[in-house]
Amino acid sequence: MAVSTSPETPIPVGEVSRLIGGWIERLGAVWVEGQITQLSRRPGAGVVFLTLRDPSYDISVSVTCYRQVFDKVAEVVSEGARVVVHAKPEWYAPRGQLSLRAAEIKPVGVGELLARLEQLKKSLAAEGLFAADRKKPLPFLPQLIGLVCGRASAAERDVLENARHRWPAVRFAVRNVPVQGVHAVPQVVAAVQELDALPEVDVIIVARGGGSVEDLLPFSDEQLVRAVSAAVTPVVSAIGHEPDSPLLDLVADLRASTPTDAAKKVVPDVGEELARVEQLRERARRAVDGFVQREERGLAAALHRPCIQRPQRMVEDREEQVTAMLERGRRTLGHLLDRADSELTHTLARVVALSPKATLERGYAVLQRPDGTAVRSPQEVGPDDPLRARVAEGEFRVRVDGAPGAAKAAE
């Protein structure tokens, strides 16, 4: 319960410590997991002092236990080991210090660690942190490579030497951090985040040499996995050897089997690239030469065509054809005109021969009534009928004499 205090009615430090102790005393025993960072076993002392640390966070707590409790696991537990402790919180009032009084200590075995890693792996995979579509492509030629590794480690030497051997102009931003132990996770995470915040860094390599499952545990930590997943810069995992597979390999944008392999995958080989450039140049040269040769052959074939050698020949051929067609047209038209003239002459002759005028010119006359109709039979006229006689040179009037069929000229 809260304690009522004020500047006028404060409570002594001892009372505060006593109250805190009372509250903690009401807490029950808990199972706690952590990594042993300090171990103190004084000869003849009946109490063993431990410091238990959370590898993922910068938090630790003191643990005490009786010697007979620790002696049960003394042969398999040492500094750096992961353990599970059944302990009850205690408050040491004179110093205002919290600690855990351990009643049982159990080492975390490899099998148990692997089972927990598998469970964490499934949980992170369900969130999609290992999905292929989240992988970012690596740049072809990175200008600045971020390297997170142990200080003066073989992994650092392998990456730097192999990368500079392949591409001498490559530059590195190296961050040396602990790669195992209780401080590994927070410092590796901080180094990755620091390099990711630098815009000039094109790719980040997290490298470490081989080791036991316990040594590689920091690279399967959930905090590190989430930091790499959130990074904008492509991250390459180069942890341990080929058989080793921490969770960092799954979330990284590229997995390298070793630090040396990481250098080969991140940095192109200058000799190979020069040879590839020379091959491409040779292919381009052959392609251009082939194209030019094909065009030259096509041009030569075009120049040898008659229409190119004598362009006027087409006009001459067409001129001859036009002249022949004109001559043929003239002849055809002449024949048609001659035939039409001949037919017209014959027709005119027939018309003239059949014309009434020609008949009159031969001495015949045509008798016509006053209405202009021709008299064809003597029975068509009567006595004294006035008629007109048409001859070749003109016409005159006649009168029918008394007898039918006889007529005489009136004047």
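Scroll up for the structure.
Definitions and limits used
Residues numbered from 1 in each chain as written. Predicted model: local features only at pLDDT ≥ 70, side-chain atom pairs only at ≥ 80, totals over all residues. Heavy atoms only, no water. Helix = DSSP H or I, 4+ residues; strand = E, 2+ residues; numbered from the N terminus. Expected span 1.5 Å × (residues − 1). Polar contact = N/O pair within 3.5 Å; in protein donor to acceptor, adjacent residues only side chain to side chain. Contact = heavy atoms within 4.5 Å. Core = buried A, V, L, I, M, F, W, Y, C linked by side-chain atoms within 4.5 Å. Buried < 20%, exposed > 50% of the residue type's maximum accessible area, 1.4 Å probe, protein only. 1 Å grid on protein atoms, 1.4 Å probe; cavity = no way out; pocket = protein on both sides within 12 Å on 5 of 7 lines; lining within 4 Å. Points joined across faces, edges and corners; volume = space filled by probe spheres on them. Nonpolar A, V, L, I, M, F, W, Y, C, P; charged D, E, K, R; others polar. Phe/Tyr/Trp six-rings, centres within 6.5 Å; stacked < 30°, edge-to-face > 60°. Lys NZ or Arg CZ within 6 Å of the ring centre and 35° of its normal. Pairing = 2+ DSSP bridges. Salt bridge = Lys/Arg side-chain N within 4 Å of Asp/Glu carboxyl O.

(A) Structural detail: helix α9 (residues 270-303). Over its 34 residues, α9 runs 48 Å from end to end, which matches the ideal 50 Å to within 8%, given 1.5 Å per residue. Between the side-chain oxygen of the N-cap and the backbone nitrogen of G271 there are 3.0 Å, and the N-cap of α9 in question is D269.

(B) Representation of the environment of V366 in the model. Within the secondary structure, V366 is located in strand β11 (residues 366-368). Taking the C-alpha atoms as reference points, V366 and I239, separated by 127 residues in sequence, lie 143 Å from one another. Apart from the residues within four sequence positions on either side, V366 is in contact with L360, A374, R388, A389 and R390.

(C) Focus on the nonpolar core. Counting residues in hydrophobic clusters, the biggest one holds 30 residues, and the most contacted among them are V148, V206 and L248. Among the elements of the structure, α3 (110-126), β6 (144-149), α5 (184-196), β8 (203-208), α6 (222-230), β9 (235-239) and α7 (247-251) are those that each provide at least two residues to this core. In terms of residue count, α5 provides more of this core than any other element does, six residues in total. Setting aside residues no more than four positions away along its own chain, L248 makes contact with V206, F219, L224, V225, V228, S237 and I239. Core analysis: the second largest hydrophobic core is formed by 19 residues, V159, V170, V203 and A207 among them.

(D) Focus on the layout of surface pockets. Taken as a whole, the largest pocket spans an internal volume of roughly 750 Å³. In this structure, the largest pocket is lined by 30 residues; those nearest its centre are E33, P55, R82, L217 and D221. Contributing elements (two or more residues each) for the lining of the largest pocket: β1 (30-40), α3 and α6. Here the lining of the largest pocket takes five residues from α3, the largest share from any one element. By residue class, the composition of the lining of the largest pocket is 12 nonpolar, nine polar and nine charged. Of the pockets and cavities examined, the second largest pocket occupies roughly 290 Å³.

(E) Representation of unusual backbone geometry in the model. For A152, which is not glycine, the phi dihedral falls at a positive 50°. Mapped onto the secondary structure, A152 falls in the loop between β6 and α4 (154-166).

(F) Expanded view of the packing of aromatic side chains. Enumeration according to the criterion identifies zero aromatic pairs in this entry. The ring centre of Y66 lies 4.9 Å from the NZ or CZ of R101, which sits over that ring.

(G) Spotlight on α6. Of all the positions in α6, only L224, V225, A227, V228 and S229 are classed as buried. Here α6 starts with a cap whose side-chain oxygen sits 2.8 Å from the backbone nitrogen of Q223, and that cap is D221.

(H) Quick peek at the sheet that holds β8. The strand order across the open sheet formed by five strands is β7-β6-β8-β9-β10, and the pairing between neighbours is parallel. Two strands close off the open sheet at either side, each with one partner strand: β7 (171-176) and β10 (254-255). The pairing of β6 with β8 spans four bridges and is parallel. Opposite G146, over in β8, you have I204 as the bridge partner.

(I) Fine view of the pairing of strand β13 (residues 394-400). Note: strand β12 (residues 386-391) against β13, six bridges, orientation antiparallel. Across the sheet, the residue bridging to L387 is V398, located in β13. Here β12 folds back onto β13 in antiparallel fashion, the turn holding two residues.

(J) Here's a closer look at the pattern of salt bridges. Evaluation of the coordinates by the stated rule reveals 20 salt bridges. Among the ionic pairs, K88 bridges to E25, the shortest N-O distance being 3.8 Å. Here K88, found in strand β4 (residues 82-92), pairs with E25, found in helix α1 (residues 13-25); they are 63 residues apart in sequence, far enough to count as distant. Given the relative accessible area of 29%, K88 is considered partly exposed. Using a relative accessible area of 48% as the deciding quantity, one classes E25 as partly exposed. A salt bridge links R388 to E395, with the shortest nitrogen-to-oxygen separation between them at 2.2 Å. Among the residues examined, R388 registers a relative accessible area of 30% and is labelled partly exposed. Three or more residues joined by partner-sharing salt bridges are found here, namely E127, E222 and R226.

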